[in-house]
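# Descriptive structure summary
One letter stands for each residue in the lines below.
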Amino acid sequence: MRIFLLSLVLSISLIHAAIPVETEGMEPAISSDGTYLTASPTYFFDRPSLMAGIHSQSELWSPDFLTKRLLVDRYSVLPSWQIQEPSIWMQVGNEVGDMIYHDILTSSEDRPVNRTPMLEAGFRSNSFHGFWATGRFFQVDHFSSNTLRINRKTAGTMEYSLFGANLPGFSTGYAGLGYTKDQTEISILAGKEYLWLFGESGRWISALLSPRIQSQFHYKKLDLSLVYEDVLYINKEKGEEGTRKEWSGSLYFPYTDCCNSNKFKTGAGLAFRFVNDEGDTYFGLENDRAFWAFLQAKYEPIKDFTVSGHAGMNEKDWLIQDSIQYSLKKGTQTHFLFGVQNILATRLNPMGESYEYFDQDTISLSTDGLLQLYQVKIEFNQEWKDLQLGIRSSGFIEKGAETFDTTGFAEKKSDDWFRYGDVSRINSWIRGWAGEIEFSYKYNDLFKASALVGMEHLWGDEERFEVEPSEHWLEFNADWTINKTLLVSHSLHYRSDAQWNLRHPEPFEVPGDWFWNASFSQLFPKYGLTLSGTLLHVLSDTTLEVPNGNENRTRFFCAIKKMF
Amino acid sequence: MKNQYFFALILFAFAYGFSAEVETKDYMFSEGYLALEGGEAYPWGIIEDAVQPSLYGQGEFYYRYWENTYGLVQFGYAYFRTQDYFKRFLGVHQFHGRVGLDHQFSWMRPILLGVGFSCIWARSDGGDPEDKGPGVMLTDNESEFGSFIKAKLPILKYEKYAVGLNIYWEHIWTLPEKSNMLWIGLFVQRRMW
């Protein structure tokens, strides 16, 4: 191990290195700077380093999530219907470890669990008088082998995807048209999507969206989006079926100068959902609707001093998030930042589902009371020619943190547990402190390297935390850019133990682990062409990171992309 | 993947990174070649007990990438007969694809050394998918990635044509253990531009 670590120190590398992931939104599955636990491409516990509060990032509503996917009560990049740049691309991959010829030699009892692939192909045409067309098919079957047996009974078939028989977390195909010119962008996409949603009960719930239609309109300082989904929920094992017709969308005016002053900017928006449920839908929205009206403001009275925040409300909930930040620069090489942040909210995600229906239990996904969260953050950055040092620290206190009161469990199969109960609060103070040190080094355009070490500790009623986060993490990155056309990137990570407390009868420990990612990309800049091969999550032990989830295995994928 | 591969990749990246010089001339796609190749693939190690050596055929697009470095893209096919004791099916259809780079070190001229990634797709020639015994996964599609190192030895050159030998050691990332294969083939290459 000493030699191993020595090699790492020697190969210290660039932070946020250019390691691609299977598809946008899969970043948490290869991240370590904080606590990232993956169950499937449709469920991550993602809590970045120095984040305040015990919740994960995707649980807290933010204006940044307006056009992201809402999966039950959290936001997700995947399955992404974001318009790509004009190009044509294809990707294929596999969790490493199919048997091929070893199949002939291996008896039934020695067979490894089947490894699963990924597949993606898509295009977006060049503009013709501003008009363009796009189409995309993609599914990531990785993270699906552990849930295969249960989900097969739920779906009643292995053919629950656009391609193959692995019951992937999502399988999506869409096509559409758009218009882009000057400050106007309009698009309409229509497609079909298979999804497995992870309920608060711990069940995987099948949802077939057919059709899903998404339209977006952008003109200067106005963004409009409107989505229609016709959803079919099925559970063949129980003989249940339900449908949901949902209209959702948003009207958004992004930041713009206000009151004849370029020091004061404001923004505003309205998000909405209307649903019509019939039969067994497994989720419910109070009054079959949700809306959220919000304001944003940013004020910079003097240079480098910024006050910003957003506040929103609906008929039941309200949320205020604000921050004050002071940035001090000494020359171009020393940078000091001091910030405070406050969050007051009656619910982390006021747009999420109100209920989950499980057996005879109705799980309430919201609760009474108030969350209060206060954070102080400091950062120091120093540059010496090619070397950079960053020191960051954060402390927070939180009262009224959202959690789950588990009242009982049902065992589905060996060590797969579903829980009963309701979302609740921890009405005592939680305190947390985190710190991080990062070194980075750059040698011309040829080599970049960085090393990051961080730690965190929380004090409070830990047994009621959904997740007790990792306390230590380590990350080394290195990128070589050879002849400006061959990129060799790697990153090595360590994340210490994390623990789920409320989704399993006993605390569910996720052991600390090392893992390594590497990527090789050949660039053909003159032709807009890129070829790449990427290995993810190598050297690690294969472990379950989320109860009832799927193992985070070593996987490889290769991609070809031609930009227009 | 074992630690030695990890170290090997780090060393490769270091060696390659620090030995590289920034090229000023744009060689990319300045030459393009098409090639046909035929030869024999030899299972090596444990999988020798599963399948027999097989003839293979493949096509290749070969292009100049840097001054002394060439890129390659290959697609090919081989039919691996199973060993005689195995009665479930007679053989396995294997399609493969490879991408990689060949580099000509001045001290090794005219031999080029190469590395790259492989992808193989395999399916049995018949066999009952309902029988859960050995070989069942191959009755459906199986695919896996791997890496290879190779040596290329041009033997004859005549105007736009070249004839030579390619030797590959291919390492496929299978379970319960990795699979190795040695490929030796004769190619005919034509320069297209």
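Residues numbered from 1 in each chain as written. Chains lettered and ligands numbered in written order. Predicted model: local features only at pLDDT ≥ 70, side-chain atom pairs only at ≥ 80, totals over all residues. Heavy atoms only, no water.

Here we take up the confidence of the model for chain A. Caution applies to low-pLDDT parts of the model: their predicted coordinates are not meant to be read in detail. Looking at chain A, pLDDT values average 93 and 97% of them are 70 or higher. Across residues 1–17 of chain A, confidence stays below pLDDT 50; counting only partners more than four residues off in sequence or on other chains, it has 51 contacts. (pLDDT = per-residue confidence, 0-100. Contact = heavy atoms within 4.5 Å.)

This part covers the sheet that holds strand β8 (residues 179–191) of chain B. Sheet strands line up and pair through hydrogen bonds in the backbone, either parallel or antiparallel. Residue and element names in this part refer to chain B. Pairing within the closed barrel is antiparallel, and its eight strands lie in the order β1-β2-β3-β4-β5-β6-β7-β8. On average, each strand axis in the sheet is inclined to that of its neighbour by 25°, with strand direction left out of account. Both strand β6 (residues 142–158) and strand β7 (residues 161–172) contribute to a ladder of 12 bridges, which runs antiparallel. By the bridge assignment for β7, K150 is matched with Y168. (Pairing = 2+ DSSP bridges. Helix = DSSP H or I, 4+ residues; strand = E, 2+ residues; numbered from the N terminus. Axes fitted to C-alpha atoms, helices over the stretch in contact; angles between N-to-C directions.)

Residues and elements named next belong to chain A. Across the sheet, which stays open at both edges, the three strands sit in the order β14-β19-β20 with antiparallel pairing between neighbours. Two strands close off the open sheet at either side, each with one partner strand: β14 (283–284) and β20 (361–364). Here strand β19 (residues 355–358) pairs with β20 via four bridges, running antiparallel. Directly across from F358, in β20, lies its bridge partner D361.

Here we take up empty space enclosed by the protein. All names here are of chain A. The final tally for this structure, using the stated rule, is nine cavities of 30 Å³ or more. Taken as a whole, the largest cavity spans an internal volume of roughly 480 Å³. Of all the secondary-structure elements, those providing two or more residues to the lining of the largest cavity are β3 (69–71), β9 (184–198), β10 (204–219), β11 (222–235), β12 (240–258) and β13 (261–279). For the lining of the largest cavity, a count of residues per class yields 18 nonpolar, seven polar and eight charged. Of the volumes computed, that of the second largest cavity is approximately 280 Å³. Lining the second largest cavity are 21 residues; nearest its centre among them are E59, E200, L348, E402 and E466. Put simply, the parts of the chain that give the lining of the second largest cavity at least two residues each are β2 (43–48), β23 (401–413) and β24 (416–426). Looking at side-chain class alone, the lining of the second largest cavity contains nine nonpolar, three polar and nine charged residues. (1 Å grid on protein atoms, 1.4 Å probe; cavity = no way out; pocket = protein on both sides within 12 Å on 5 of 7 lines; lining within 4 Å. Points joined across faces, edges and corners; volume = space filled by probe spheres on them. Nonpolar A, V, L, I, M, F, W, Y, C, P; charged D, E, K, R; others polar.)

It is worth spelling out the environment of Y441(A) at this point. Residue and element names in this part refer to chain A. With respect to the helices, strands and loops of the structure, Y441 is situated in strand β25 (residues 430–443). Between the C-alpha atom of Y441 and that of L387, which follows or precedes it by 54 residues, the distance is 4.6 Å. For Y441, the contacting residues outside a window of four places in its chain are D386, L387, F447, K448 and A449.

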